[in-house]
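# Residue-level structural notes
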Amino acid sequence: SSRTMSLLSQLEKINLDSVLGEADNARYVTSKILHLVQSQEKTRKEMTSKGSTGIEVILSTLEVKCFNLCGYGYVASFHFIIGICGGRRASVLVTKGGTQILLQLLLTASKDCPPNEELMVLLHTLLAKIGPKDKKIGMKARINGALNISLNLVKQNLQNHRLILPCLQVLRVYSTNSVNAVSLGKNGVVELLFKIIGPFSKKNTSLMKVALDTLAALLKSKTNARRAVDRGYVQVLLTIYVDWHRHDSRHRYMLIRKGVLQCIKSVTNIKLGRKAFIDANGMKILYNISQECLAVRTLDPLVNTSSLIMRKCFPKNRLPLPTIKSAFHFQLPIIPASGPVAQLYNLPPDVDDVVDESDDNDDAETESEIETENDDDKDQHFKNDDIETDINKLKPRQELGRPIEELKMYEQFFPELSENFQECDLVSKEPKPFVPDANLSGPIVVPTAGEE
């Protein structure tokens, strides 16, 4: 009975009919629906309420009719429906199959030359909002062929920040899938993102933040991390971090500084990245900056992330340590002139004598990994192989101070430790007859002759 339901009913009839004047009628109905969605919260609630078919009607229209007919109006309607409180309403759109239709619309709209900028901005903004609610959006985008559309738009519009911001948000959603991250890396997305991020600037800080988050997600792939190390981007990240630290005296851009650290953390998950970090003097840089950040409580996330990176990259040595790298010094009783211990003692102080074989078998990253939502969201915890976990090996061995022969003189004082005591046989092994007590009440049992 409401105005919205009436317009949706007209839209359903348009989907079923093939009248010559349906184009004008469809535009009229679309403009009315868009106006109601923009101006009335009641209409937005009504479209996504339980039992409502409003979302299905608009999606079926996008699927059946020509996208260029009134696709912009429908996408704008979804944008306003989800924009205010996107959580539950985004889930409704995903459950109705909206992700697949929006990706198909994106693919169709990208064939226009030039593509409609307003429609592209709306589509990417909408996909970025519903992406976290759809676990399979990365796989759907790859199957539909929409994976590189956003990347190509960024390549062609590096100066158009209004367009590339939602495109980067969509790429960040796609990059949570490891297969997509490898595919995008092969198409040059890592090099492209380093053209966007740069030294301190108060302009387009939101774009900088999204670009860093996207880069951190991409660098979790070992293939992309190696590519970044080979091109010397570890040194670039450290330079950017130092520049932002020096200029951000009021600590207003802590999230951007943390984004740079997240990129460094992702790169140092591989052995080559840790080596490049050490060679770039990253340990000293992060340590000095962390010391300066200790006085500001709001910068604790930066100190914590820097500590994780430094612990992961610091050279690991076996005990005992004869160098100044340890606060404790363990003196061995006798060190042979030749042998493994002498070789360790003769190593320079900055040499890592623990062999790191974590990446030796990961030269080629396969693209047939299982599709999961959070396979790359979980942090790759660094395993310290030097920590002994066998309880039996950790127990100290107790050795006697004297030979056993000298201790035998004390046996007489502790006979229970050496002698075998046996109970004396004072009771006859034959069973005794039962003799009842005269004071007890009850029947008296007289034993038979055989029992005696």
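Residues numbered from 1 in each chain as written. Predicted model: local features only at pLDDT ≥ 70, side-chain atom pairs only at ≥ 80, totals over all residues. Heavy atoms only, no water.

The name given to the protein chain in an unreviewed UniProt entry is CBPC1 carboxypeptidase, and the organism recorded there is Bucorvus abyssinicus.

Regarding its fold elements, the protein chain presents 23 helices and zero strands. For the protein chain, the residues scored as buried account for 40% of the 452 residues in total. The long-range share in the protein chain, meaning contacts at least 24 apart out of those at least 6 apart in sequence, stands at 74%. Total accessible area on the protein chain is roughly 27,400 Å²; 54% of this is exposed by carbon and sulfur atoms. (Helix = DSSP H or I, 4+ residues; strand = E, 2+ residues; numbered from the N terminus. Buried < 20%, exposed > 50% of the residue type's maximum accessible area, 1.4 Å probe, protein only. Contact = heavy atoms within 4.5 Å. Areas by Shrake-Rupley, 256 points an atom, 1.4 Å probe, with all protein chains shown as cover.)

This paragraph deals with the packing of aromatic side chains. In this structure the tally under the stated criterion is four aromatic pairs. A centroid spacing of 6.0 Å and a plane angle of 70° characterise the contact between Phe200 and Tyr253, whose relative ring orientation is edge-to-face. Note that Phe200 is positioned in the loop between helix H13 (189–196) and helix H14 (205–218) and Tyr253 in the loop between helix H16 (233–247) and helix H17 (254–267), a separation of 53 residues in sequence. Taken together, the ring pairs connect Phe200, Trp244 and Tyr253 into an aromatic cluster. (Phe/Tyr/Trp six-rings, centres within 6.5 Å; stacked < 30°, edge-to-face > 60°.)

Inspection of the secondary structure puts Asp243 in helix H16. Although Asp243 is buried, it makes no salt bridge; Arg246 carries the closest opposite charge, 6.0 Å away. Not counting chain neighbours up to four residues away, the residues in contact with Asp243 comprise Pro199 and Phe200. (Lys, Arg positive; Asp, Glu negative; His and termini not counted. Salt bridge = Lys/Arg side-chain N within 4 Å of Asp/Glu carboxyl O.)

In this section: the nonpolar core. Counting 87 residues, the largest nonpolar core has Leu168, Tyr174, Ile197, Leu215, Leu237 and Phe277 as its most contacted members. Within the second largest apolar cluster, seven residues are counted, among which are Val29, Ile33, Leu36 and Ile58. (Core = buried A, V, L, I, M, F, W, Y, C linked by side-chain atoms within 4.5 Å.)

Here the focus is the packing of helix H7 (residues 98–109) against helix H8 (residues 117–130). Relative orientation of the contacting elements H7 and H8 amounts to 155°, with a least axis distance of 11 Å. In terms of their interaxial angle, H7 and H8 are classed as roughly antiparallel. Considering how the two elements wind past one another, H7 and H8 form a crossing that is left-handed. Contacts between H7 and H8 pair Thr99, Leu102, Leu103, Leu105, Leu106 and Ala109 from the former with Leu119, Met120, Leu123, His124, Leu126, Leu127 and Ile130 from the latter. The residue inventory of the contact of H7 with H8, partitioned by class, reads eleven nonpolar, two polar and no charged. (Axes fitted to C-alpha atoms, helices over the stretch in contact; angles between N-to-C directions. Parallel < 35°, antiparallel > 145°, perpendicular 65-115°, else oblique. Left-handed = near helix turned anticlockwise from the far one by under 90°. Nonpolar A, V, L, I, M, F, W, Y, C, P; charged D, E, K, R; others polar.)

Turning our attention to the packing of helix H11 (residues 161–174) against H14. A pair of packed helices is captured by two measures, namely the crossing angle of their axes and the spacing between those axes. At a minimum axis separation of 9 Å, H11 and H14 run at an interaxial angle of 25°. One element, H11, and the other, H14, form an angle in the roughly parallel class. In this structure, H11 crosses over H14, and the sense of that crossing is left-handed. Each of His161, Ile164, Leu165, Leu168, Gln169, Leu171 and Arg172 in H11 lies in contact with H14, whose residues at this interface are Ser206, Leu207, Val210, Ala211, Asp213 and Thr214. For the contact of H11 with H14, the residue count by class is seven nonpolar, four polar and two charged.

So, on to unusual backbone geometry. For the bond from Cys113 to Pro114, the omega torsion is -5°, close enough to zero to count as cis. Within the secondary structure, Pro114 sits in the loop between H7 and H8. Within the chain, His251 stands out as a residue other than glycine whose phi angle is a positive 60°. Mapped onto the fold, His251 is located in the loop between H16 and H17. Among the residues examined, His251 registers a relative accessible area of 29% and is labelled partly exposed. Phi is positive for Asn281, close to 65°, though the residue is something other than glycine. Of note, Asn281 is situated in the loop between helix H18 (271–279) and helix H19 (282–293). Judged by its relative accessible area of 39%, Asn281 is partly exposed.

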